[in-house]
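Working through the structure, step by step
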Amino acid sequence: MKTRTLLLLVCLSAMPLMAQDPISIADAKKQDFNSTVTKIAGRVTSAVQLSNTCYLQDRTGGIAVFNEAMRTAVKIGDSVVVENATLTEFGNTTGAPGTGLAQLGGTGLKFTVIPVPREEPAPKSTTIPNVGEGNEATLIKLRKVKMVETGRFEGNRSYSAMDNFGNDIVIRIDRACEIGTNNLEIPTGEIDITGVVSQFRGTYQLLPRLAQDMGLPPIIVDTVSKNRTLDLTTWNLEWYGWADTTRGPKNKDLQRQRIRTVMDTIKADIYALQEVLTDEALAAVSDSIKGGYKRFLATDVTSEQKLAYIYNPETVTPVSTGLAVNGGARAWGNGRFPFRMTFSAKNVPFNVVVFNIHAKATSDSTAADDYGRRKTDAETFHEYLNNFYKDSNVIVMGDFNDRLLATTVDSTLPSCYSVFLNDKTWNPTTADMERQGLSSYLGFNRSFLDHILIRTPGLPFYRTYIETPERYLTSFSSTVSDHRPVTLRLYYPGPTSVDDETSAPSFVRVSPNPMTTSGMAEVTLERGGHLTAELVSLTGERMVVADEVLPAQIRLLTLPVERLASGIYTLVIGIDGATTRTPIVVTR
């Protein structure tokens, strides 16, 4: 008997070691913090949809994984094995373990995507009172809840949802989430909300990942190529170029590097900048961003905070620059007059004039006087523009240091910029964003201060939007600027194609554009074929204009403009499957 036992032990010792099976996620979360989780497996419920962290769950629970390589490599529904990870807690209250989010991380973490079909876990329906430790980091669905706030979402902000019994929960819009980066409208009425459960300092939060998680339609991607539009961005750089740490972000090198990163991402034709202190600092940015950009600094401005332009010489040719001197000695913050640049642009047969402004700021002790000075400056400037630039295509952009539709000083007072709002020749392109509660200023009293007014009859307006560098830069407001960039896109005059498709066997000419009551499209069919034409709205609604097989010819299509609401549409022309897309602007 002893001999048989010995032989059995020898045989077992000679067998190869079997790979360790994964433990359940629930068991992994029972381990002590800072211990090593040898191996778990699960399905991905969130990847690049949220910043910093991806989420994984199995049939026993979910867990956050803090690993950038994994977050950017996996997709929702992937089957993933995670090995040799350290279990930690993020966002817990000091001295109160269990009040934060349990997560896996560490330098030794290894992940493997299993080559099987993707399968997204179905969200588990639950109620607000039942959101807690048991479903932390799992995908859940709350049914028939209402949002407390109205307006539009912003990234990196918290909102509230409430059920019919008065229970509420934090809805956290992550800085990378498409809901916030696209400033989607906050839904009204009863909705179902899907998201992963997180926890921060003892408070549970629900993190939606996609527009559909909030009952909103899928995101419509902006497909208009930048070589079809003239793009201008206004941005206050918060004491950029200040030598020491007393003003602006503390780390000056990091501020400069991140400004460059943001500009390399935006790729505007022109940047109108405020709070630039020196030409040396300006050059450090303009000479480093991609594309061979050039610069102008308003050196005649006597204040420390100066105005500047950075522009792309491949698309923009400056004609002249100068200060728009208007008003008295106290005007424009004691001499910080609007900085003008007159320029020609590629594909534009006339000059365009842009004015970069930095209005008087508000101090608590002089708020009423500051309001009056801004209002006087705006009225004087409006008269100046009518006297000297009435027939020009003009853009006014910059830090207005106040709301556009009202004032931050006193809700009973009219806007400092009422003179522009009451002049219907001006388009206040940022007004709707302010009206929806969005913010361009991220300081202690978040507000919309960075505005764009246009009077550009020769350049059809496409869109204005707030850039969201927080989605790819952490701690943006403390390391870069307390202002977000705001971008304006104007169509080049004449017919333009959304795509750079040269293979489409047709040529499309649209007239007029913008349209008011009627419009025509001229389509050249070089070889004939199956012609399709439809108008597509920004919300994806489609209206068929033509569907016919034709020989080679020039086909005139009547566009049903009278049936369209004001807005932006895309005319999609197809010839045997090859398509050309042309933006159409309808105005009333």
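About the cut-offs
- Residues numbered from 1 in each chain as written.
- Predicted model: local features only at pLDDT ≥ 70, side-chain atom pairs only at ≥ 80, totals over all residues.
- Heavy atoms only, no water.
- Helix = DSSP H or I, 4+ residues; strand = E, 2+ residues; numbered from the N terminus.
- Buried < 20%, exposed > 50% of the residue type's maximum accessible area, 1.4 Å probe, protein only.
- Contact = heavy atoms within 4.5 Å.
- Areas by Shrake-Rupley, 256 points an atom, 1.4 Å probe, with all protein chains shown as cover.
- Lys, Arg positive; Asp, Glu negative; His and termini not counted.
- Charge placed at Lys NZ, Arg CZ, Asp CG, Glu CD.
- Phe/Tyr/Trp six-rings, centres within 6.5 Å; stacked < 30°, edge-to-face > 60°.
- Pairing = 2+ DSSP bridges.
- Axes fitted to C-alpha atoms, helices over the stretch in contact; angles between N-to-C directions.
- Salt bridge = Lys/Arg side-chain N within 4 Å of Asp/Glu carboxyl O.
- Polar contact = N/O pair within 3.5 Å; in protein donor to acceptor, adjacent residues only side chain to side chain.
- Core = buried A, V, L, I, M, F, W, Y, C linked by side-chain atoms within 4.5 Å.

Remarks on the overall build of the chain
The number of helices and strands found in the chain is eleven helices and 31 strands. If one aligns the C-alpha atoms of the chain with their principal axes, the spans along those axes are about 110 × 75 × 55 Å. Counting every position in the chain, which comprises 588 residues, the buried fraction comes to 52%. Taking the intrachain contacts of the chain between residues at least 6 apart in sequence as the baseline, contacts between residues at least 24 apart amount to 67%. Split by element, the accessible area of the chain, about 26,900 Å² in all, is 51% carbon and sulfur. Charged side chains of the chain number 60 positive and 64 negative; the gap between the two group centres comes to 3 Å.

Considerations on the packing of aromatic side chains
What the rule picks out here adds up to 18 aromatic pairs. Their ring planes at 80° and their centres at 5.3 Å tell us that F355 and Y389 sit as a pair that is edge-to-face. With a gap of 34 residues between them, F355 in strand β19 (residues 352-358) and Y389 in the loop between α8 (367-388) and β20 (393-399) connect regions that are remote in the sequence. In this structure F355 comes out as buried when scored by relative accessible area, which is 0%. Classification of Y389 as buried rests on a relative accessible area of 15%. Ring geometry for F420 against W426: centres 5.3 Å apart, planes inclined by 80°, an arrangement best described as edge-to-face. Its relative accessible area of 3% is what places F420 among the buried residues.

Quick word on the sheet that holds strand β21 (residues 427-428)
In a beta sheet, neighbouring strands pair by backbone hydrogen bonds and run either parallel or antiparallel. Reading across from one edge, β17-β18-β19-β20-β22-β21 is the order of the six strands in this open sheet, with mixed pairing throughout. With partners counted over all chains shown, the strands left at the sheet margins are β17 (316-323) and β21, one partner each. Here five bridges tie strand β18 (residues 339-345) to β19, and the two strands are oriented antiparallel to one another. When the sheet's bridge partners are listed, T342 is paired in β19 with V353. The strands that α8 touches are β19, β20 and β22 (450-455); relative to β19, the one it contacts most, it runs at about 165°.

Structural notes on the pattern of salt bridges
Per the counting criterion, the structure on display carries 26 salt bridges. Between K29 and E136 there is a salt bridge, with the nearest N and O atoms lying 3.7 Å from each other. Of this pair, K29 sits in helix α2 (residues 25-29) while E136 sits in the loop between β7 (124-126) and β8 (139-147), placing them 107 residues apart in sequence. Here K29 falls in the partly exposed class, since its relative accessible area comes to 22%. Note that R484 and E470 form a salt bridge whose closest N and O atoms lie 2.6 Å from each other. Taken together, the positions of R484 in the loop between α11 (476-479) and β24 (486-491) and E470 in the loop between β23 (461-466) and α11 put the pair 14 residues apart, joining distant regions of the chain. Side by side, R484 and E470 carry an identical accessibility label, which is buried. Ionic contacts of the salt-bridge type, sharing partners, join the residues E154, R157, R446, E470 and R484 into one network.

Overview of the side chain of Q57
Residue position: Q57 is located in strand β2 (residues 54-58). According to the relative accessible area criterion, Q57 is buried, its value standing at 10%. Within the structure, the side chain of Q57 is placed 2.9 Å from the backbone nitrogen of L139, a separation counted as a polar contact. Look past the residues within four positions of Q57 in its chain and what remains in contact with it is I25, G42, R43, T45, G62, P121, A137, T138 and L139.

What about the pairing of strand β16 (residues 306-311)?
Among the six residues that make up β16, six are buried, leaving the element largely enclosed by the rest of the structure. Burial of β16 is two-sided: the residues K306, A308 and I310 facing one way and the residues L307, Y309 and Y311 facing the other way are all buried. The pairing of strand β14 (residues 270-276) with β16 spans five bridges and is classified as antiparallel. From the neighbouring strand, Y271 faces β16, where its bridge partner is I310.

Remarks on the nonpolar core
Soluble, globular proteins show a tendency: their nonpolar side chains are buried together. Of all hydrophobic cores here, the largest spans 32 residues; its most connected members are M147, I171, I193 and M214. When residues of this core are traced back to their parent elements, those giving at least two are β8, β9 (157-162), β10 (168-173), β11 (191-200) and β12 (203-207). When residues of this core are assigned to their parent elements, the largest contribution, five residues, is made by β8. In contact with I171, not counting residues within four places along its chain, are M147, R157, S158, Y159, S160, A161, I193, L206, P208 and M214. Residues A345, M397, I466 and L490 belong to the second largest nonpolar core, which totals 30 residues.

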